Amino acid sequence: MSGKSVAVVLAAGMGTRMRSTLAKVLHPVLGRPMVCYPVEAALKAGVDRVAVVIGHQGEDVREVLSGTFPEADLVFAEQKQMLGTADAVRCALGATEGFERVVIMCGDTPALDDASLLRLIESHAQTNAALTLTSFDAPDPTGYGRIVRDLSGKAMRIVEHADASLEERNIKEVNAGLYLVQRDDLAFALGNIGNDNEQGEFYLTDMVHTLDGQGKTINAMKLPNPAIVAGINTRAQLSALEETIRRERNNRLMESGVSIESPDTVRIESDVTIGQDTRIGRGVQLRGKTQIGSGCLIEAGAHLTDCLVGNNVHVKPYVVAQDAIIGSDAAVGPFAHLRPGTVLGDKAKVGNFVETKKATLGKGSKASHLTYLGDCEIGDDVNIGAGTITCNYDGFDKHKTVLDDGVFVGSDTQFVAPVHVGKNATVGAGTTVTGNVPDGALVLSRTEQRVIEGYYDKRRKPREEAKRKK
């Protein structure tokens, strides 16, 4: 034997009580499918391989986990018929060959962490057990398997609720569904578990009675915090557990040096990273794989998804950004919309009611207000006046606008792409640019101003007097 450990994650069920076309273990918890959490916990705890038992939408589960953990030793075993938990583990038994110990866990336990698994491994080693099961005391044990102990306190068996006697149903200590078992003992138990029970299923819990009957050492480790193994069967349970995980995550971020104003209103998903001394305002949502640097200020109501944010960035209230890159010392908002493909250079500024899409703004460039910049490449130190629009779509294709370094754009300008404005050129206010502009030039397209003297007395005043007489 190699002395290594393998984890078996049970993720084959449909989750019918979720009332969903999506497999239960694929429902997101803080932005990640819930099955990712127990797999990650096992890998962090040092497990050498993870064998995932799949069934309903199994290929989707395989794709999610393979994409999330590309470097891990992940194998998948299919349970074609839902014949019970022991049958599910039996489907993965081949993937456990060559390993000494097997951790068995459920795929719908997103609160399970590596620290709890390490305690399980330590308890198993200290007791030299064939099997270590986990338990907790439930105020209302309805629906749980009961831990039945002998007079000396040794765990003898687990009785499922449907099969429990009235006396056994009064037991408060219940099965947590997390196990560590020697691989040879697991193989023996699985070969001797039948389905003579109320549900007609092969219960994994019968492994306790089977191994106890062989005189094997059964260790029962009581969990101080049963929430870590809480499973999810309904959307209400999903919401409640996600809320618990969200609060704990915010607390860990604050302990690491991030300030969060009104943390009960802030949602920061699992894959988000935030640097030290960054401040997060009320109602902020940071989603996907967003990365926030150090010393930033993310103000109230900002929503950032899959964004890369540098250091000392000021994101003002109610900014919405997705798949955008914001350079260090930049400022965005308030009420700005950065759509996918936006890249803001260091010290760039995008102000209120500015929308960008596939737009690159160089270092120190700014578009302070009321502007649409789409499919454009803007150099360094460019000033974009209010009301500027890149007309990037001709009804059939998208075209690009290029503004070189140092361009000054006056207010109410339209760039009819494709168009290229050279370095240090000036675009006068109210101009529609339809052709390329050379370096250092001034471009104007508005008509020459005309002044008509006495217009009020001749035209407007007589009409106003006539209106009053009526």
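Residues numbered from 1 in each chain as written. Predicted model: local features only at pLDDT ≥ 70, side-chain atom pairs only at ≥ 80, totals over all residues. Heavy atoms only, no water.

## Quick word on the overall build of the protein
- A count of helices and strands for the protein gives 9 helices and 37 strands.
- A compact globule built from 470 residues should have a C-alpha radius of gyration of about 23 Å, whereas the protein, at 32 Å, is more than 25% larger.
- Taking the principal axes of the C-alpha coordinates as reference, the protein spans close to 110 × 60 × 45 Å.
- Expressed as a percentage of its 470 residues, the buried residues of the protein come to 47%.
- Counting only contacts in the protein whose residues sit at least 6 apart along the sequence, the fraction spanning at least 24 positions is 42%.
- Counting 53 positive and 60 negative side-chain charges, the protein places the centres of these two groups 10 Å from one another. (Helix = DSSP H or I, 4+ residues; strand = E, 2+ residues; numbered from the N terminus. Rg over C-alpha atoms; globule rule 2.2 N^0.38 Å. Buried < 20%, exposed > 50% of the residue type's maximum accessible area, 1.4 Å probe, protein only. Contact = heavy atoms within 4.5 Å. Lys, Arg positive; Asp, Glu negative; His and termini not counted. Charge placed at Lys NZ, Arg CZ, Asp CG, Glu CD.)

## Structural notes on the pairing of strand β27 (residues 349-361)
- Across 2 bridges, strand β24 (residues 331-332) lies against β27 in parallel orientation. Residue pairing in the sheet places Val-332 in a bridge with Val-350 of β27.
- Of the strand pairs in this sheet, strand β25 (residues 337-338) and β27 are connected by 2 bridges, and their pairing is parallel. Looking across to β27, one finds that Leu-338 is bridged to Thr-356.
- Here strand β26 (residues 343-344) runs beside β27; their pairing, made up of 2 bridges, is parallel. (Pairing = 2+ DSSP bridges.)

## Comments concerning the pattern of salt bridges
- This structure, assessed with the given rule, holds 23 salt bridges.
- Where Arg-246 meets Glu-243, a salt bridge forms, and the shortest distance between an N and an O atom there is 2.6 Å. With a gap of 3 residues between them, Arg-246 and Glu-243 both fall in helix α8 (residues 235-255), about one helical turn apart.
- Between Lys-289 and Asp-271 there is a salt bridge, with the nearest N and O atoms lying 3.5 Å from each other. In this pair, Lys-289 sits in the loop between β16 (285-287) and β17 (291-292) while Asp-271 sits in the loop between β13 (267-268) and β14 (273-274), placing the two residues 18 residues apart along the sequence.
- Salt bridges sharing common partners tie together Arg-32, Glu-40, Asp-271 and Lys-289. (Salt bridge = Lys/Arg side-chain N within 4 Å of Asp/Glu carboxyl O.)

## A few points about the packing of aromatic side chains
- One pass over the structure, following the stated rule, counts 3 aromatic pairs.
- One aromatic cluster is present, built from ring pairs that chain together Tyr-318, Phe-335 and Phe-353.
- Directly above the ring of Tyr-37 sits Arg-32, whose terminal nitrogen or CZ lies 5.2 Å from the centroid.
- Sitting above the plane of the Tyr-393 ring, Lys-398 keeps its charged end 5.6 Å from the centroid. (Phe/Tyr/Trp six-rings, centres within 6.5 Å; stacked < 30°, edge-to-face > 60°. Lys NZ or Arg CZ within 6 Å of the ring centre and 35° of its normal.)

## Focus: helix α2 (residues 58-68)
- Here α2 has its buried residues at Gly-58, Val-61 and Leu-65. Projected onto a plane normal to the axis of α2, the buried residues spread over an arc of 60° and lie on a single side. Counted as exposed and oriented over 90 degrees from the buried face of α2: Glu-59, Glu-63 and Gly-67.
- For α2, the secondary structure elements touched by its buried residues are α1 (36-44), β4 (49-54) and β5 (74-78). (Arc of directions from axis to C-beta.)

## Describing the side chain of Asn-392
- By the secondary structure assignment, Asn-392 is in the loop between β30 (389-391) and β31 (401-403).
- Residue classification places Asn-392 among the buried positions, given a relative accessible area of 7%.
- Leave out the neighbours within four places in its chain, and Asn-392 touches Lys-357, Tyr-372, Gly-374, Asp-375, Asp-397, Lys-398, His-399 and Ala-417.

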